[in-house]
Amino acid sequence: MAVEEELRRDHAEMQAVIDAKQKIIDAQEKRIRSLDAANSRLMSALTQVKERYSVQNLRNGLSPTNPTKLSITENGEFKNSSC
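Note that the structure is predicted; figures quoted are calculated from it, not measured.

Draft legend 1. Representation of the overall build of the protein chain within the structure. Across its full length, the protein chain holds 1 helix and 2 strands. Secondary structure elements of the protein chain occur, N-terminal to C-terminal, as α-β-β. Classification of the 83 residues of the protein chain by burial places 2% in the buried group. Within the structure as shown, the protein chain displays about 7,700 Å² of accessible surface, and the carbon and sulfur contribution to it stands at 55%.

Draft legend 2. Quick peek at the pattern of salt bridges. Inspection of the entire model under this criterion finds 1 salt bridge. A salt bridge links R8 to E4, with the shortest nitrogen-to-oxygen separation between them at 3.9 Å. Of this pair, R8 and E4 are both found in helix α1 (residues 2-59), 4 residues apart, which corresponds to roughly one turn of the helix.

Draft legend 3. Quick peek at α1. Relative to the 86 Å expected for 58 residues at 1.5 Å per residue, α1 spans 85 Å between its end C-alpha atoms, a close match to the ideal helical length. G61 lies just past α1 and shows a positive phi near 80 degrees.

Draft legend 4. Geometry of the environment of M43. Positionally, M43 belongs in helix α1. With relative accessibility at 38%, the residue M43 sits in the partly exposed group. For the pair M43 and S71, spaced 28 residues apart in sequence, the C-alpha to C-alpha distance is 9.7 Å.

Parameters and conventions
- Residues numbered from 1 in each chain as written.
- Predicted model: local features only at pLDDT ≥ 70, side-chain atom pairs only at ≥ 80, totals over all residues.
- Heavy atoms only, no water.
- Helix = DSSP H or I, 4+ residues; strand = E, 2+ residues; numbered from the N terminus.
- Buried < 20%, exposed > 50% of the residue type's maximum accessible area, 1.4 Å probe, protein only.
- Areas by Shrake-Rupley, 256 points an atom, 1.4 Å probe, with all protein chains shown as cover.
- Salt bridge = Lys/Arg side-chain N within 4 Å of Asp/Glu carboxyl O.
- Expected span 1.5 Å × (residues − 1).

Encoded structure:
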């Protein structure tokens, strides 16, 4: 009987560890979804800003012969570059 009891206890401990790790995984997945949604909103806002900037330049009679391109680096930083 002692062996069966020890096996049950070990199983319960392993299950507790698995449950704790699953909670961490679930929280990370939720955070990833949240960050992905925020990233989509930011990219949409950036596109709108770029479009407004382009329209304003056209309204002001500025023809961009060497337009500045606004982009986001892998680190999430903004970068201006000439075409």
